[in-house]
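# Remarks on the overall topology
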Amino acid sequence: QVQLVESGGGLVQAGGSVRLSCAASGRTFSRYAMGWFRQAPGKEREFVAGINWSGGSTLYVNSVKGRFTISRDNAKRTVYLQMNSLKPEDTAVYYCAAARMSTGVVSTTQGVDYWGQGTQVTVSS
């Protein structure tokens, strides 16, 4: 069992930056691929970024490439999402996700084993 708790969301102006953190419980954090998904009002939850268990492989949705960076610290059982050059269309609830995967990156909602409660990010124009 893994519990995920996100923090770091809030209101930011367009062009600004925010860093999200996701703290995980349990001693098996390093066995999980981690990801960030987001859901805007009236839209389906979508993949944003993913990272494999070691941090050596990452994947991003095209709309955030070059602006967002996912990273993890297995010793602290924490995954981060650094978001730069934010746009109003980035406004959403951001969810941390964990998938028990020995290889690869989780990039679909169906592949997620555990979800965090979500944190709101609002980008004003």
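Everything below is about the structure printed above this text.
Once a new chain begins, its residue numbering starts again from 1 and follows that chain's sequence as written. Thresholds applied to this predicted model are a pLDDT of at least 70 for local features of residues and 80 or more for the giving and counting of side-chain atom pairs; totals over whole chains, interfaces and linings are not thresholded and use all residues. Side-chain metrics in this entry use all non-hydrogen atoms of the structure; hydrogen atoms and water are not considered.

We now examine the overall build of the protein chain. The secondary structure content of the protein chain amounts to zero helices and eleven strands. Counting from the N terminus, the helices are the DSSP runs of H or I reaching at least four residues and the strands are the DSSP runs of E reaching at least two. Walking the protein chain from its N terminus toward its C terminus, one meets helices and strands in the order β-β-β-β-β-β-β-β-β-β-β. Radius of gyration means the value over C-alpha atoms here, while the globule rule gives 2.2 Å times the residue count to the 0.38 power. Relative to the 2.2 N^0.38 estimate, which gives 14 Å for 125 residues, the radius of gyration of the protein chain is 13 Å and therefore close to what a compact globule would have. The dimensions of the protein chain, computed from C-alpha atoms along their principal axes, are 40 × 25 × 25 Å. Buried positions account for 42% of the 125 residues belonging to the protein chain. By definition, residues are in contact when any of their heavy atoms lie within 4.5 Å. Within the protein chain, contacts between residues separated by at least 24 positions form 59% of all contacts whose residues are at least 6 apart in sequence. Calculation of accessible area relied on Shrake-Rupley with a 1.4 Å probe; when residues are assessed, cover is drawn exclusively from the protein chains displayed. Only carbon and sulfur atoms are counted for the fraction: they give 45% of the accessible area of the protein chain, which is about 6300 Å². Only four residue types enter the tally: Lys and Arg on the positive side, Asp and Glu on the negative side, with His and both chain ends excluded. Throughout, a charge is located at the NZ atom of Lys, the CZ atom of Arg, the CG atom of Asp or the CD atom of Glu. Within the protein chain, the 7 negative side-chain charges are centred at a point lying 8 Å from the centre of the 13 positive side-chain charges. Burial status follows relative accessibility: with a 1.4 Å probe on protein chains alone, a residue under 20% of its type maximum counts as buried, one over 50% as exposed, and anything between as partly exposed.

Looking now at the pairing of strand 4 (residues 32–39). In terms of burial, strand 4 is largely enclosed, as seven of its eight residues are buried. Only when DSSP finds a minimum of two bridges between them are two strands counted as paired. Bridge count for strand 4 against strand 5 (residues 46–51) is five bridges, and the pairing is antiparallel. Considered in strand 5, the bridge of phenylalanine 37 is made with phenylalanine 47. Between strand 4 and strand 5, which pair antiparallel and follow one another directly, the connecting turn spans six residues, one of which, glycine 42, has a positive phi of 75 degrees.

We call a set of buried Ala, Val, Leu, Ile, Met, Phe, Trp, Tyr and Cys residues a nonpolar core when their side-chain atoms join them within 4.5 Å. With 29 residues, the main nonpolar core has Leu4, Met34, Trp36, Leu81, Met83 and Tyr94 as its most contacted residues. Only strand 3 (18–24), strand 4, strand 5, strand 7 (68–73), strand 8 (78–83), strand 9 (92–100) and strand 11 (119–124) provide two or more residues apiece to this core.

Another aspect to go through is the packing of aromatic side chains. For Phe, Tyr and Trp, rings pair up if their centres lie within 6.5 Å, where Trp contributes its six-membered ring, and each pair is then called stacked (planes under 30 degrees apart), edge-to-face (over 60) or tilted (otherwise). Scanning the model with the defined rule gives four aromatic pairs in all. Ring plane angle 75 degrees and centroid distance 5.7 Å describe the contact between phenylalanine 37 and phenylalanine 47, whose orientation is recorded as edge-to-face. Of this pair, phenylalanine 37 sits in strand 4 while phenylalanine 47 is found in strand 5, placing the two residues ten residues apart along the sequence. The burial state of phenylalanine 37 is the same as that of phenylalanine 47; both residues are buried.

In what follows, salt bridge is the name for a side-chain nitrogen of Lys or Arg lying within 4 Å of a carboxyl oxygen of Asp or Glu. Tallied over the entire structure, the rule returns three salt bridges. In this structure, arginine 38 and aspartate 90 form a salt bridge, with 3.0 Å as the shortest nitrogen-oxygen distance. Here the residue arginine 38 occupies a position in strand 4, and aspartate 90 occupies one in the loop between strand 8 and strand 9, the gap between them amounting to 52 residues. Residue classification places arginine 38 among the buried residues on the basis of a relative accessible area of 6%. According to the relative accessible area criterion, aspartate 90 is buried, its value standing at 1%. Residues arginine 67 and aspartate 90 are paired through a salt bridge, measuring 2.8 Å at the closest nitrogen-oxygen approach. You can see arginine 67 sitting in the loop between strand 6 (58–60) and strand 7 and its partner aspartate 90 sitting in the loop between strand 8 and strand 9, a full 23 residues away along the chain. Aspartate 90 carries the same exposure label as arginine 67, and that label is buried. One network of salt bridges, in which partners are shared, links Arg38, Glu46, Arg67 and Asp90.

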